[in-house]
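Residues per chain, in single letters:
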Amino acid sequence: MTDLWGFLLQTMEASWAALFLLIIKRLLSDKLSPRWQYGIWSLFFLRLLVPAGVTGRYLLTSPVVALQTLRESAESALSSRFCTAAAPVNVSFGLPRITGRPGSITDWLFVIYLAGVVFCIGRYFFSYLCLRLLLRGGRPVPPKLQAQLDAVCSRYHLKPCRAVMPTEEIDDKILLHELLHRRSMDALQSILWSFFRSVHWCNPFLQYVFNRIGNDMESLCDQRILERLEGEERRRYGKILLDMTNDRYPRAPGTTSLSNGGRNIRKRIEAITRF
């Protein structure tokens, strides 16, 4: 993306794709398991990756025509250097970037947008860097907790890992939750979603969608756990979730969290009882 109109087209197409998927998820909420509820977002991921209109087709034609008309009307009275009024709205491959010195209000709006992208990515990178430094400097867990962690890994055939944790007692199911996140590389997925969250920082609807994606990731992890638990252990896991309904959700790139807010945990428990 090299101009304001290209970004508007890309974020508009991404919004239509997300809205369509939300409708599908809503209609099939009692038929799609958490695995499918999260897996369906892979289509949205592809929509974010591919520039809008690269195939010559759009999800909805009328909004694109309206955007093109608006661009021609606005740019005909301006001296923009990032685009011209006659050229069609275009989205190029690669990161948003500036191709010259701004010369109009639309150029400056794109500069402001790009500054927001840099700020958001920088904030996420700083948070991730602080996390890595904290983990590197963290003290290993006591031998008792390490033995507990190794036992959970052995019981569920998971790869052992180095752990930095509090010294208080931790339930095996909490350890299992985080170990399954690790095996599925959910932390890496969190980083990727944070990147796209930064690119579309000024689109409130897509910010809501990215929150939903994070919640669906946690629901999927719940399903993976329940597939490994039986009987009373399943009920105890639900009790653990209930105990966390008032906890604040520490959203940060490169992290996952068993607790993601009371309202979201309620939806997760509903999914557990349904599937």
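Residues numbered from 1 in each chain as written. Predicted model: local features only at pLDDT ≥ 70, side-chain atom pairs only at ≥ 80, totals over all residues. Heavy atoms only, no water.

A. Layout of the overall build of the protein chain. Secondary structure assignment for the protein chain yields 11 helices and zero strands. Each principal axis of the C-alpha atoms in the protein chain carries an extent, and together these give about 70 × 45 × 30 Å. A burial count over the protein chain gives 44% of its 275 residues as buried. The contacts of the protein chain with a sequence gap of at least 6 include a subset with a gap of at least 24, amounting to 70%. (Helix = DSSP H or I, 4+ residues; strand = E, 2+ residues; numbered from the N terminus. Buried < 20%, exposed > 50% of the residue type's maximum accessible area, 1.4 Å probe, protein only. Contact = heavy atoms within 4.5 Å.)

B. Broad picture of the pattern of salt bridges. Per the stated rule, a full pass over the model turns up 10 salt bridges. The shortest N-O distance in the salt bridge between Lys-31 and Asp-30 comes to 3.5 Å. Note that Arg-236 is salt-bridged to Glu-233, the shortest N-O span being 3.0 Å. Taken together, the residues span about one helical turn, with Arg-236 and Glu-233 both in helix 10 (residues 232-243) at a distance of three residues. Judged by relative accessible area, Arg-236 falls into the partly exposed class, the value being 46%. Residue classification places Glu-233 among the partly exposed residues on the basis of a relative accessible area of 27%. Several salt bridges converge on common partners, so that one network encompasses Asp-171, Lys-173, Glu-233 and Arg-236. (Salt bridge = Lys/Arg side-chain N within 4 Å of Asp/Glu carboxyl O.)

C. Representation of the side chain of Asn-203 in the model. Among the structural elements, Asn-203 can be located in the loop between helix 8 (186-199) and helix 9 (204-226). For Asn-203, a relative accessible area of 12% corresponds to the buried category.

D. Region of the structure containing a nonpolar patch on the surface. Residues Leu-43, Leu-46, Leu-49, Val-50, Val-54 and Phe-93 make up a contiguous nonpolar surface patch of roughly 560 Å² in combined accessible area. Counting through the fold element by element, Leu-43 comes out in helix 3 (residues 41-49). Exposure remark for Leu-43: the relative accessible area of 51% places this residue in the exposed category. (Patch = residues over 30% accessible without salt bridge, like charges linked within 9 Å, V, L, I, M, F, W, Y side chains within 5 Å. Areas by Shrake-Rupley, 256 points an atom, 1.4 Å probe, with all protein chains shown as cover.)

E. Structural context of helix 1 (residues 4-27). Taking 1.5 Å as the rise per residue, helix 1 with 24 residues should run 34 Å; its terminal C-alpha atoms sit 35 Å apart, in good agreement. Its side-chain oxygen 2.9 Å from the backbone nitrogen of Trp-5, Asp-3 forms the N-cap of helix 1. (Expected span 1.5 Å × (residues − 1). Polar contact = N/O pair within 3.5 Å; in protein donor to acceptor, adjacent residues only side chain to side chain.)

F. Quick look at the packing of aromatic side chains. Using the criterion set out here, one finds nine aromatic pairs in the structure. Grouped by ring-pair contacts, the aromatic residues Trp-41, Phe-44, Phe-45, Trp-193, Phe-195, Phe-196 and Phe-210 constitute a single cluster. (Phe/Tyr/Trp six-rings, centres within 6.5 Å; stacked < 30°, edge-to-face > 60°.)

G. Examining the nonpolar core more closely. Formed by 23 residues in total, the largest nonpolar core has its most connected members in Leu-149, Leu-158, Leu-176 and Leu-179. Counting only elements with at least two residues in this core, the list comes to helix 6 (143-155), helix 7 (172-183), helix 9 and helix 10. If near-sequence neighbours (up to four positions away) are discounted, Leu-179 is found in contact with Leu-149, Val-152, Cys-153, Leu-158 and Cys-161. Counting residues in each nonpolar core, the second largest holds 18 residues, with Trp-5, Phe-7, Val-64 and Phe-110 among its members. (Core = buried A, V, L, I, M, F, W, Y, C linked by side-chain atoms within 4.5 Å.)

H. Looking closely at helix 4 (residues 61-75). Helix length check: helix 4, at 15 residues, gives a terminal C-alpha distance of 21 Å against a target of 21 Å (1.5 Å per residue), a fit within 8%. Residues Val-64, Leu-67, Gln-68, Arg-71 and Glu-75 constitute the buried set of helix 4. Considered in projection along helix 4, the buried side chains sweep an arc of 100° and stay on one side of the axis. Exposed side chains of helix 4 directed beyond 90 degrees from the buried face belong to Ser-62 and Ser-73. (Arc of directions from axis to C-beta.)

I. Spatial organisation of the packing of helix 7 against helix 10. Contact geometry for helix 7 and helix 10: axes closest at 10 Å, N-to-C directions at 80°. What the angle tells us is that helix 7 and helix 10 run roughly perpendicular. Counting all contacts with helix 7, which are made through Lys-173, Ile-174 and His-177, the residues of helix 10 involved are Glu-233, Arg-236, Tyr-237 and Ile-240. In terms of residue class, the contact of helix 7 with helix 10 is made up of three nonpolar, one polar and three charged. (Axes fitted to C-alpha atoms, helices over the stretch in contact; angles between N-to-C directions. Parallel < 35°, antiparallel > 145°, perpendicular 65-115°, else oblique. Nonpolar A, V, L, I, M, F, W, Y, C, P; charged D, E, K, R; others polar.)

J. Expanded view of the environment of Leu-8. As for its placement among the helices and strands, Leu-8 is situated in helix 1. Judged by its relative accessible area of 29%, Leu-8 is partly exposed. Here the alpha-carbon distance between Leu-8 and His-200, two residues 192 residues apart in the chain, equals 9.7 Å.

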